[in-house]
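Residues per chain are reported as follows:
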Amino acid sequence: MSLENTPKCETTPDVQLSDEHSLAAPYQVLAHTKAVLVLQTDAGEILTPNPEGVSFGNFNLGLHVQDDPRQVLHNRAQLLQYINAYLQQNSLQEDDVDKSLQAVKSIHWLNQIHSNKVCRIGDKHVDSSAASLSLVPASADALVTDLPQQALAIMTADCVPIVLHDPTTRQIAAIHAGWQGLANGVIAKTYAALSQHALQHKGEAIQVSGASGGLTIQKPAIEAWIGACIGQSCYEVSSEVVDKLLLGCAERGMDAKQLEVIKAQIVAPHDDPDKAWLDLPKLAQLQLAELGIALISATNQQTNLDIKPVIEAERHMSKDEQSYTPIAYACSYANRQYYSYRRKTHLNETHTGRMALVIVRLH
């Protein structure tokens, strides 16, 4: 497994947002505890297309989609402002704690390449000075860190964004899981990176003294959140994609019977025998469950397009096959508030912005 350090892209601005501005921020908070903050951004205000027919919305976070880079960098800096303004207004810390010490210093981004490569943010690569600003992030599809006051961001416009929190080691992670990443085991690679760090620094379990000597207890499960992504009823793929995805699962150790079970749960038949409807978030959920990772929640399902239901009815499966509890998620295709590359393509519109699922380690 390759672990590389990635530079950060944004540092804390001096400007403080007003309460009114922060309440209008283009994001949804999925979780806020004393340990982490998880939020999902959206496209913001839907803007009128320019003369070339292009509209990125007013909160595109992707530098690689031919939007004005100055506007994108402004949006990224504004996101950091939004996060810190929210934390100032909704602090869960004790009253005597200096809230300025809880401010998020950096948001870390990646050049996402549909791989299973994992990057770790280390101490020597965290510098809050403006001089360390970098516009050339590492090429990978997952980020991990155990450093406080840092945020990890994954950009998507249909792929499955996942963030993780390990309550024992206080590590956080962010994962970009398209079908290639899921086929190549990006979730398992990220889990391995978290586990490797835990073994090196804190051990795999917690030791507790008891009357009869040392007692080993099971550590709390790693927590996961899934952000907005494309639903199965909107994700039409070729049979070749399905075959490549299942081949990737086979190369990761699944036997023929397991592959049939997986296929029955994530692939729905299409009128065209050379195509299928693919359920990426369900596959991500199954892979998380396989690793013992607890899926806390996904974004609330919202739709404003007249399309087929985003969450497909469960197929008939035995109890052995039904190894997880389906959780509703927000479909990026079905909700115009989110960016969707496939929706833009179907509407013959060029250029799609990127939203982000963000996790912050607070202390």
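Placed above this text is the structure.
Residues numbered from 1 in each chain as written. Predicted model: local features only at pLDDT ≥ 70, side-chain atom pairs only at ≥ 80, totals over all residues. Heavy atoms only, no water.

Peer 1: I keep staring at the overall build of the chain and nothing clicks. Help me out?
Peer 2: Helix and strand counts for the chain stand at eight helices and 18 strands. When each of the 363 residues of the chain is scored for burial, the buried share is 50%. Contacts spanning at least 24 positions in sequence make up 75% of the contacts within the chain whose residues lie at least 6 apart. Here the chain has roughly 16900 Å² of accessible surface; of this, 50% comes from carbon and sulfur atoms. (Helix = DSSP H or I, 4+ residues; strand = E, 2+ residues; numbered from the N terminus. Buried < 20%, exposed > 50% of the residue type's maximum accessible area, 1.4 Å probe, protein only. Contact = heavy atoms within 4.5 Å. Areas by Shrake-Rupley, 256 points an atom, 1.4 Å probe, with all protein chains shown as cover.)

Peer 1: What am I meant to see in the packing of helix H5 (residues 239–251) against helix H6 (residues 256–266) here?
Peer 2: In a pair of packed helices, the angle between the axes and the distance between the axes together describe the arrangement. Closest axis-to-axis distance for the H5/H6 pair is 11 Å, and the angle between their directions is 140°. Regarding H5 and H6, the two cross each other, and that crossing is right-handed. Together, Leu245, Leu246, Cys249 and Ala250 of H5 and Leu259, Ile262, Lys263 and Ile266 of H6 make up the contact between the two elements. For the contact of H5 with H6, a count of residues per class yields seven nonpolar, no polar and one charged. (Axes fitted to C-alpha atoms, helices over the stretch in contact; angles between N-to-C directions. Left-handed = near helix turned anticlockwise from the far one by under 90°. Nonpolar A, V, L, I, M, F, W, Y, C, P; charged D, E, K, R; others polar.)

Peer 1: Got a minute to help me understand the nonpolar core in this structure?
Peer 2: Side chains that are nonpolar tend, in soluble globular proteins, to be buried together. Ranked by size, the top nonpolar core spans 47 residues in total, and within it Ile162, Leu164, Leu278 and Leu288 carry the most contacts. If sequence neighbours within four positions are ignored, Leu164 has contacts with Gln171, Ile172, Ala173, Ile175, Thr190, Leu194, Ile222, Glu223, Ala224, Leu288, Ile293 and Ile359. Listed in part, the 22 residues of the second largest apolar core include Tyr27, Ile83, Ala151 and Met155. (Core = buried A, V, L, I, M, F, W, Y, C linked by side-chain atoms within 4.5 Å.)

Peer 1: Explain the sheet that holds strand S15 (residues 267–269) to me, please; I cannot follow it from the model alone.
Peer 2: By definition, the strands of a sheet pair up through backbone hydrogen bonds, in either a parallel or an antiparallel sense. Strand order in the open sheet made by the three strands is S14-S16-S15, with antiparallel pairing throughout. In the strand order of this sheet, the two ends are held by strand S14 (236–238) and S15, each with one partner. Neighbour-to-neighbour, the strand axes of this sheet turn through a mean angle of 45°, independent of strand direction. By the bridge criterion, three bridges tie S14 to strand S16 (residues 275–278) in an arrangement that is antiparallel. Its bridge partner lying in S16, Val237 is registered against Ala276. Across the sheet, H6 touches S15 and S16, and the angle it forms with S15 is around 65°. (Pairing = 2+ DSSP bridges.)

Peer 1: How should the side chain of Thr156 be read in this particular structure?
Peer 2: In this fold, Thr156 is placed in strand S8 (residues 150–156). Beyond its immediate sequence surroundings of up to four residues, Thr156 is in contact with Pro161, His176, Ala228, Tyr339, Arg354 and Met355.

Peer 1: Sorry, what's going on with the packing of aromatic side chains here?
Peer 2: The geometry of two aromatic rings is summed up by the distance between their centres and the angle between their planes. Applying the stated criterion across every chain yields a total of three aromatic pairs. A centroid spacing of 6.4 Å and a plane angle of 85° characterise the contact between Tyr27 and Tyr86, whose relative ring orientation is edge-to-face. One end of the pair, Tyr27, is in strand S3 (residues 27–32); the other, Tyr86, is in helix H2 (residues 69–89), with 59 residues separating them in the sequence. When its relative accessible area of 16% is taken as the criterion, Tyr86 is described as buried. (Phe/Tyr/Trp six-rings, centres within 6.5 Å; stacked < 30°, edge-to-face > 60°.)

Peer 1: Would you take a moment to explain the packing of H6 against helix H7 (residues 280–290) for this structure?
Peer 2: Following both chains from N to C, one finds H6 and H7 inclined at 140°, their axes separated by 9 Å at the closest point. Classified by the angle their axes make, H6 and H7 are oblique. Of the residues in H7, those touching H6 at Ile262, Gln265 and Ile266 are Lys282, Leu283 and Leu286. (Parallel < 35°, antiparallel > 145°, perpendicular 65-115°, else oblique.)

Peer 1: Can you walk me through the pairing of strand S4 (residues 36–41) in this structure?
Peer 2: Within a regular strand, side chains alternate between the sheet's two faces. Buried residues dominate S4, accounting for six of its six residues. Across the two faces of S4 the burial is the same, with Val36, Val38 and Gln40 and Leu37, Leu39 and Thr41 all buried. Pairing between S3 and S4: five bridges, direction antiparallel. Residue pairing across strands places Val29 opposite Leu39, the latter belonging to S4. Between S3 and S4, which follow one another and run antiparallel, lie three residues. As paired elements, S4 and strand S18 (residues 355–361) share five bridges and run antiparallel to each other. Note that in S18 the partner of Leu37 across the bridge is Val360.

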